[in-house]
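Per-entry structural report
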Amino acid sequence: MKKSPVLIGVTGGLGSGKSTVCRFLADRGCRLFEADRVARSLQVNDPGVVEAMVQLFGEGVYSRDRDGRLVADRAMIARRVFSDAGLLRRLNGIIHPRVRTAFDEAVREAGRDGVGMLVKEAAILFESGADRGLDEIIVVVADMQIRVQRALDRGMTSRDEVLRRIRAQWPQEELEQRADYVIDNNGALEELRSRTDSVYDMIRAKYHVPG
């Protein structure tokens, strides 16, 4: 039996549905660590990150809201990094070491709390090296046309923008090759829940995690 928690990575390309899979895993009792949400928080709350972001993108990368809180221009950042691989690497170099530190603390906290499974959701799990030390990795996949439509439905402005972001990520086929479990998300929501439950049950049985 592995000492708690079992560390599970969940990833997938834009529009694959990885966040939905993570929500279903949370419904089964897993604790979530949302790496992308932590990264967004660091961009406005970590002074070292803020300074590095200004150096990378210029003063215009930030503004203040009506309450005086710092706001990052995420649309501008996305536009620039998804058309410049070097800039994206530099941004990741600023953010991801700090996300890793936050995850390490989340692991310790989960251990203290007796959590059976801790799920790390990350869009670039492999690219950032965030898969190191994880026990199991789930990759969520879907057909390209479905992924594009989902991204557009979520508010992305154009098909070209969606495809530019997808091309900046690793190919879905490469993610599948590195996965311990692949969850297909081309069907209905209840199909996805059923497939997620099956993977959860397999991992729980493998590590003898109490139900």
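Below is a summary of the structure that appears in this document.

What counts, and where the lines are drawn
Residues numbered from 1 in each chain as written. Predicted model: local features only at pLDDT ≥ 70, side-chain atom pairs only at ≥ 80, totals over all residues. Heavy atoms only, no water. Helix = DSSP H or I, 4+ residues; strand = E, 2+ residues; numbered from the N terminus. Expected span 1.5 Å × (residues − 1). Buried < 20%, exposed > 50% of the residue type's maximum accessible area, 1.4 Å probe, protein only. Arc of directions from axis to C-beta. Axes fitted to C-alpha atoms, helices over the stretch in contact; angles between N-to-C directions. Parallel < 35°, antiparallel > 145°, perpendicular 65-115°, else oblique. Contact = heavy atoms within 4.5 Å. Nonpolar A, V, L, I, M, F, W, Y, C, P; charged D, E, K, R; others polar. Polar contact = N/O pair within 3.5 Å; in protein donor to acceptor, adjacent residues only side chain to side chain. Core = buried A, V, L, I, M, F, W, Y, C linked by side-chain atoms within 4.5 Å.

Here we look at unusual backbone geometry
Backbone geometry places H208, a non-glycine residue, at a positive phi of 55 degrees. The topology assignment puts H208 in the segment after helix 9 (189–206).

Observations regarding helix 9
Spanning 18 residues, helix 9 covers 26 Å between terminal C-alpha atoms, matching the ideal 26 Å at 1.5 Å per step. Buried residues of helix 9: L192, T196, V199, Y200 and I203, and no others. What you see down the axis of helix 9 is that its buried residues fit within an arc of 105 degrees, all on one side. Opposite the buried face of helix 9, by more than 90 degrees, sit the exposed residues E190 and A205. Just beyond helix 9, the residue with positive phi is H208, at close to 55 degrees.

A closer look at the packing of helix 2 (residues 35–45) against helix 3 (residues 47–57)
Where helix 2 contacts helix 3, the two axes come as close as 6 Å, and the packing angle between them is 80 degrees. In terms of axis orientation, helix 2 runs roughly perpendicular to helix 3. On the side of helix 2, the interface is formed by L42, Q43, V44 and N45, while helix 3 contributes P47, V49, V50 and M53. For the contact of helix 2 with helix 3, the residue count by class is six nonpolar, two polar and no charged.

A short note on the environment of A106
Looking at where A106 falls in the secondary structure, it is placed in helix 5 (residues 85–113). When its relative accessible area of 16% is taken as the criterion, A106 is described as buried. With 75 residues separating them along the chain, A106 and R31 place their C-alpha atoms 9.5 Å apart. Leaving out residues up to four positions away in the same chain, A106 has contacts with F33 and L118.

Quick notes on helix 3
Those residues of helix 3 that fall on the buried side of the exposure criterion are V49, V50, A52, M53, L56 and F57. Along helix 3, the residues classed as buried sweep out an arc of 165 degrees about the axis, all on the same side. Across from the buried face of helix 3, at angles greater than 90 degrees, the exposed residues are P47, E51 and Q55. Looking at the packing, one finds that the buried side of helix 3 touches helix 2, strand 3 (62–64), strand 4 (70–72), helix 4 (74–81) and helix 5. The N-cap residue of helix 3 is D46: its side-chain oxygen and the backbone nitrogen of G48 are 2.9 Å apart. Where helix 3 ends, the next residue or the one after it, G58, has phi of about 95 degrees, a positive value.

Observations concerning the nonpolar core
One finds F33, M53, F57, I77, L91, I95 and V99 to be the most contacted residues of the largest nonpolar core, which totals 39 residues. Elements represented by at least two residues in this core include exactly helix 2, helix 3, helix 4, helix 5 and strand 6 (136–141). Top element by residues in this core is helix 5. It accounts for nine residues. The residues contacting V99, other than those within four sequence positions of it, are F33, A35, V38, A39 and L42. Core analysis: the next-biggest nonpolar cluster, separate from the first, contains 20 residues, V10, C30, I138 and V209 among them.

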